Amino acid sequence: MNKIITVSREFGSGGRELARRLAESMGYKYYDKEIIRLMMNNSKFSADYIEGINLISNDDFPYTISRSFPLYSAHQKQATQVLVLEQKIIKELAKNGNCVFVGRCADVILQEYQPFNIFVYADMDSKLSRCKQKAPEGENLNDKQLIRKIKEIDKSRQKHSLLLGADSWGQKECYDLCVNTTNLVIKDIIPSICEIAKIYFKEKE
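Let us look at the structure shown here. Starting from 1, residues in each chain are numbered consecutively following that chain's sequence as written. Given that this is a predicted model, residues contribute local features only at a pLDDT of at least 70 and side-chain atom pairs are listed and counted only at 80 or more, while totals for whole chains, interfaces and linings are drawn from all residues. Only hydrogens and water are removed before side-chain values are computed, so all heavy atoms of the structure are retained for them.

**Things to note about the packing of aromatic side chains**
To pair, rings of Phe, Tyr and Trp, with the six-membered ring standing in for Trp, must have centres within 6.5 Å; the planes then decide the type, stacked if under 30 degrees apart, edge-to-face if over 60, and tilted in the middle. Throughout the structure, instances matching the rule amount to 7 aromatic pairs. Between Phe116 and Tyr200, the ring centres sit 5.0 Å apart and the planes meet at 45 degrees, which makes this aromatic pair tilted. Residue Phe116 is located in strand β4 (residues 116-121), and its partner Tyr200 is located in helix α8 (residues 186-204); the two are separated by 84 residues in the primary sequence. Both residues of the pair, Phe116 and Tyr200, belong to the buried class. A ring pair is formed by Phe119 and Trp169, whose centres lie 5.3 Å apart and whose planes are at 90 degrees; its orientation type is edge-to-face. Residue Phe119 is located in strand β4, and its partner Trp169 is located in the loop between α7 (143-163) and β5 (177-180); the two are separated by 50 residues in the primary sequence. The same class applies to Phe119 and to Trp169, which are both buried. Members of the aromatic cluster, each reached through a chain of ring pairs, are Phe119, Tyr121, Trp169 and Tyr175. Working definition: helices are DSSP H or I runs of at least four residues, strands are E runs of at least two. Numbering for both runs from the N terminus. Only protein chains enter the accessibility calculation, which uses a 1.4 Å probe. A residue is then buried if its area is under 20% of the maximum for its type, exposed if over 50%, and partly exposed in between.

Rendered as structure tokens:
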């Protein structure tokens, strides 16, 4: 079975950088925005629509997509189609060799593959600092606005997990490794994480 690592993360914690560096260090394929591109190529939906699915209220869905659905609106049907497509593509990518997935609830979708699941978090000051360093050109949010943005995005990620039938996002007992990146340089901790991942996969052999 392929060796799969999933990286879930709080917004601003450096999880995306950690995942990319980890994939490079271990020689694994790296899947991030590629998932969105493949979803666009296999549907009529735009990147913005796909990205926005997890912002939909759970009240819009009488059941999670892992259960049977009654009849509901066209908008709900489209949202469900996106979530089903997401699962299909992630599972197909997981068959293509050792890999690292960033976000998209890959830890939930691929649980049958026994991936090494990582959760990356940090304190608010650290997340604010990273967000300011990596802010898109022209974005000038103050601390209060940034904190609101961070909380909203993290809430949407939790909601995404709920839509897939899992209430596990951010709960430490649901991950194999939780990494607090507060005051840490991401590249400096990659060797240690690589070793932990190797131990995890060796024990699964």
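Moving on, there is more to tell.
**Here's the deal with unusual backbone geometry**
Positive phi, close to 55 degrees, is recorded for Arg104, a residue that is not glycine. Along the chain, Arg104 falls in the loop between β3 (99-102) and α5 (106-109). With a relative accessible area of 14%, Arg104 lands in the buried category.

**Looking at α7**
Think of an α-helix as turning once every 3.6 residues; residues three or four places apart then point the same way. With 21 residues, α7 should cover 30 Å at 1.5 Å per step; its first-to-last C-alpha distance of 30 Å lies within 8% of that length. Residues of α7 that are buried include every one of Leu146, Ile150, Asp154, Ser156, Arg157, Lys159, His160, Ser161 and Leu163, and no others. Two N or O atoms count as a polar contact when they lie within 3.5 Å, although within protein this holds only if one can serve as hydrogen donor and the other as acceptor, and sequence-adjacent residues are included solely when both atoms are side-chain atoms. The backbone nitrogen of Lys144 has a side-chain oxygen 3.2 Å away, supplied by the residue at the start of α7, namely Asn142. Here, expected helix span is obtained from the residue count minus one, scaled by 1.5 Å.

**Structural notes on helix α1 (residues 15-26)**
The end-to-end C-alpha distance of α1 is 16 Å, a good match for the 16 Å that 12 residues give at a rise of 1.5 Å each. Within the sequence span of α1, burial applies to Gly15, Glu17, Leu18, Ala19, Leu22, Ala23 and Met26. The contact definition used throughout considers only heavy atoms, calling two residues in contact when any of these lie within 4.5 Å. Elements that come into contact with the buried residues of α1 comprise β1 (4-9), β2 (29-31), β3, β4, β5 and α8. At the C-terminal side of α1, Gly27 shows a positive phi close to 75 degrees.

**Here's the deal with the pairing of β3**
Residues Cys99 and Phe101 point to one face of β3 and Val100 and Val102 to the other, with burial holding for every one of them. Here 4 bridges tie β1 to β3, and the two strands are oriented parallel to one another. The residue bridging Ile4 from the neighbouring strand is Cys99, located in β3. Two strands pair if DSSP finds at least two bridges between them. In the sheet, β2 pairs with β3 via 3 bridges, with the strands oriented parallel.

**Section: the sheet that holds β1**
Taken in spatial order, the 5 strands line up as β2-β3-β1-β4-β5 in an open sheet, and their pairing is parallel. Each edge of the open sheet carries a strand with a single partner, namely β2 and β5. Adjacent strand axes in the sheet meet at a mean angle of 20 degrees when their direction is disregarded. α8 rests against β1, β4 and β5 of the sheet, and its axis sits at about 150 degrees to β4. Here the axes come from fitting lines to C-alpha atoms, over the contacting stretch only for helices, and the angles between their N-to-C directions go from 0 to 180 degrees.

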